[in-house]
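# Topology and contacts: notes
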Amino acid sequence: MPLTIGIPREIAAQERRVATVPEVVEKLIKLGFEIAVESGAGEASNFSDEAYTKAGAKIIHTASALWSTADIIFKVRGPSTKEVGMMRPGGMLVSFIWPAQNPELLQQLAAKQATVLAMDCVPRISRAQKLDALSSMANIAGYRAVIEAAHQFGRFFTGQITAAGKVPPAKVFVIGAGVAGLAAIGTASGLGAIVRANDTRPEVGDQVKSMGGEFVPIDYQEEGAGTGGYAKLMSEGFQKAQREVFAKQAREVDIIITTALIPGKPAPKLITADMVESMKPGSVIVDMAAEQGGNCELTEPGEVVVKHGVTIIGYTDLPSRLARQSSTLYANNLLRLTEELCKTKDGIVLVKMEDEVLRGTTIIKEGHITWPAPVQTPPAPSEKPAKVVPPPAPKSPEATKSSQTSGLAVAAIFFGAALLFLLIGAYAPPAFLSHFTVFVLACFVGNMVVWNVTASLHTPLMSVTNAISSIIAIGALMQIAPPVIAHMDRPDVWIRSLALLGITFTAINMFGGFAVTRRMLSMFRK
């Protein structure tokens, strides 16, 4: 019998997202599941009950009925104590859980003999990118952070020169170049601001530049990459050098966006009260780490405050402020996870703990806490033995005989070609010899011109075809042009017509090739 996936209404304060959307409901039904949605679950994201019903979902009017009957619960925020109490014993829950910060919730779910998959614990490996809800939400949060900053900022982001005066471009400093930071860099750069960014991992400098920003390094050598692609807590020496750089940037820029987080620990304090006081009046700080305490000492989580003339935005619901988009991306992440759980497409899920993606995501299996997942260390590289170059093997009599035969064949071909040319020179008429000489030279010159052309801004094939077209055009122009010597005969009408036709087709080929190349290149331009 197929399982039922339940989509409850989110009850957390200021949470507007929903765990799935009508478009994804249809795909879940194709996997063999029945879908039940609590009435009003998608209203805050502009998804009506009618849209879910049309997609094939069943509307449940009370939360208790949904939680008690659904085999699998899809949620955005972790469940409250009341919701855990309504949960069906032995059921499955897929949600953001944050097990390191919520040990009591972990125990409550284990007591229900539940199987829990935490979307915040998806391994950050290539195969699991389609399930990476953290990256999906961070991308939206980075974009929204810039929009919130622009709303509070008192000027344009881009520089302008108008009849009413000159407006300088805004200067934006982004701390942290993870998914959220890169999204913020790209958005601010797209709005025309001068963007600078810093990260403890110097290797992300190229990514910052690719998004239109300038990487601001710290003059201190220390490895900043932690586990899972996150940054790690740095030494005191590095932090001192970092504070000096941040203090300088705070005096120069108009907007600071902070994204620094360390898994399982409070957000590091990177912007001090003195730095805030040194900023220009009207400046803005967007603290994207506010939910974990904030990167700024003066941040008040969930609030917008003004300190020393600087607006400090501490929203903890940035993805929820783009609820429809966030819900759609999160629903797609859950769909991909469901496809991993239900390979047979029969509405039955199977949590295979030997699968590294499912093992990392699963924090409780049938009431047994399995978090944290064991760290898989790569095998130590073994020392490569010295490469022994074997002595050349003596050639066998058969190989020697074969090489001699091929050499004789080549010599015979050259001898036959020489004899053929000798016969042609002895018996052919003089007019044929002159034409034949021109033909041989034309083949040689054509080969050198065509195959030696440099493939620049084109594919090699397009370069060769353009070279051939150029030779055809030159030959055709020589036939159309008046004779250089007065007594030479002009080509007849048919030859000139064919030459004109050749020029027409080669022109179409060459200009069409350039047009296609231009369109191909424009696909990679922003």
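The structure this text deals with has already been given above.
Residues numbered from 1 in each chain as written. Predicted model: local features only at pLDDT ≥ 70, side-chain atom pairs only at ≥ 80, totals over all residues. Heavy atoms only, no water.

## Comments concerning the sheet that holds strand β17 (residues 368–369)
Put simply, the rule reads: Strands are treated as partners if at least two bridges between them are detected by DSSP. Elements are defined by DSSP. Helices are runs of H or I of four residues or more, strands are runs of E of two residues or more, and each kind is numbered from the N terminus. Contact criterion: two residues are considered in contact whenever any of their non-hydrogen atoms come within 4.5 Å of each other. Helix axes are fitted only over the stretch in contact, all axes being lines through C-alpha atoms; the angle between N-to-C directions runs from 0 to 180 degrees.
Ordered in space as β3-β2-β1-β4-β5-β6-β16-β17, the eight strands form an open sheet in which the pairing is mixed. Each having just a single partner strand, β3 (58–60) and β17 make up the two edges of the open sheet. Direction of pairing for strand β2 (residues 34–38) relative to β3: parallel, over a ladder of three bridges. If you follow A36 over to β3, its bridge partner there is K58. Helix α5 (residues 103–111) rests against β5 (92–95), β6 (115–118), β16 (362–365) and β17 of the sheet, and its axis sits at about 40° to β16. The strands touched by helix α11 (residues 323–341) within the sheet are β4 (72–74), β5 and β6, with β5 carrying the most contacts at an inclination of about 140°.

## Quick word on the pattern of salt bridges
We count it as follows: A side-chain nitrogen of Lys or Arg and a carboxyl oxygen of Asp or Glu constitute a salt bridge if their distance falls within 4 Å. Any residue under 20% of the maximum accessible area for its type is buried, any over 50% is exposed, and the rest in between are partly exposed; the area is computed with a 1.4 Å probe on protein chains only.
One pass over the full model with this rule turns up 23 salt bridges. Note that R243 and E236 form a salt bridge whose closest N and O atoms lie 3.1 Å from each other. Classification of R243 by relative accessible area gives partly exposed; the value is 32%. When the shortest N-O distance is used, the salt bridge between R321 and D317 registers 3.1 Å. In the salt-bridge network here, residues are joined through shared partners; they are R16, R144, E148, D317 and R321.

## Overview of the sheet that holds strand β14 (residues 304–307)
Strand order in the open sheet formed by seven strands is β11-β10-β9-β12-β13-β15-β14, and the pairing between neighbours is mixed. Two strands close off the open sheet at either side, each with one partner strand: β11 (214–215) and β14. Where strand β9 (residues 171–175) meets strand β12 (residues 255–258), four bridges bridge the pair, whose relative direction is parallel. Its bridge partner lying in β12, V174 is registered against I257.

## Structural notes on the pairing of β16
Looking along a regular strand, one sees side chains alternate from face to face of the sheet. Taken together, the two bridges between β6 and β16 define a ladder with antiparallel strand orientation. Looking at β16, one finds that L117 is bridged to T362. In this structure, β16 lies alongside β17, joined through two bridges in antiparallel fashion. When the sheet's bridge partners are listed, I364 is paired in β17 with I369. Counting the residues between successive antiparallel strands, the hairpin from β16 to β17 contains two residues, one of them, E366, with a positive phi of roughly 50°.

## Side note on a nonpolar patch on the surface
Condition: Patch membership needs two things, relative accessible area over 30% and no salt bridge, and members are linked within 9 Å if like-charged or within 5 Å if nonpolar (Val, Leu, Ile, Met, Phe, Trp, Tyr). Using the Shrake-Rupley algorithm and a 1.4 Å probe, accessible areas are obtained, with residue cover drawn only from the displayed protein chains.
A contiguous nonpolar patch, built from F415, L419, L422, L423 and Y427 and spanning about 620 Å² of accessible area, is present on the exposed surface. When you line up the elements, F415 lands in helix α13 (residues 397–427).

## Re the nonpolar core
Let me state the cut-off plainly: Joining through side-chain atoms within 4.5 Å is the link that ties buried Ala, Val, Leu, Ile, Met, Phe, Trp, Tyr and Cys residues into a set, and such a set is a nonpolar core.
With 44 residues, the main nonpolar core has I35, F74, V94, M119 and Y330 as its most contacted residues. One finds A177, V286, M288 and Y315 within the second-largest nonpolar core, a separate group that totals 29 residues.

## With respect to the packing of aromatic side chains
Spelled out, the test is: Here the aromatic set is Phe, Tyr and Trp, taking the six-membered ring for Trp, and pairing holds for ring centres within 6.5 Å; pairs whose planes are under 30 degrees apart are stacked, those over 60 apart are edge-to-face, and all others are tilted. Two conditions define a charge sitting above a ring: the NZ of Lys or the CZ of Arg must be within 6 Å of the ring centre, and it must be within 35 degrees of the ring normal.
In the structure shown here, the tally under the stated rule is five aromatic pairs. A centroid spacing of 5.6 Å and a plane angle of 65° characterise the contact between F173 and F246, whose relative ring orientation is edge-to-face. Of this pair, F173 sits in strand β9 while F246 sits in helix α9 (residues 236–252), placing them 73 residues apart in sequence. F246 sits in the buried class, given a relative accessible area of 1%. Chaining the aromatic ring pairs together yields one cluster made of F96, W98 and Y330. Above the plane of the ring of Y315 lies R321, whose end atom (NZ or CZ) is 3.6 Å from the centre.

## Observations concerning unusual backbone geometry
In the segment running from W371 into P372, the intervening peptide bond is cis, with an omega of 0°. Positive phi outside glycine occurs at N46, with the angle close to 65°. Note that N46 resides in the loop between β2 and α2 (49–55). The exposed category is assigned to N46, whose relative accessible area is 59%. Here the phi dihedral of W98 falls at roughly 55°; this positive angle occurs in a residue that is not glycine.

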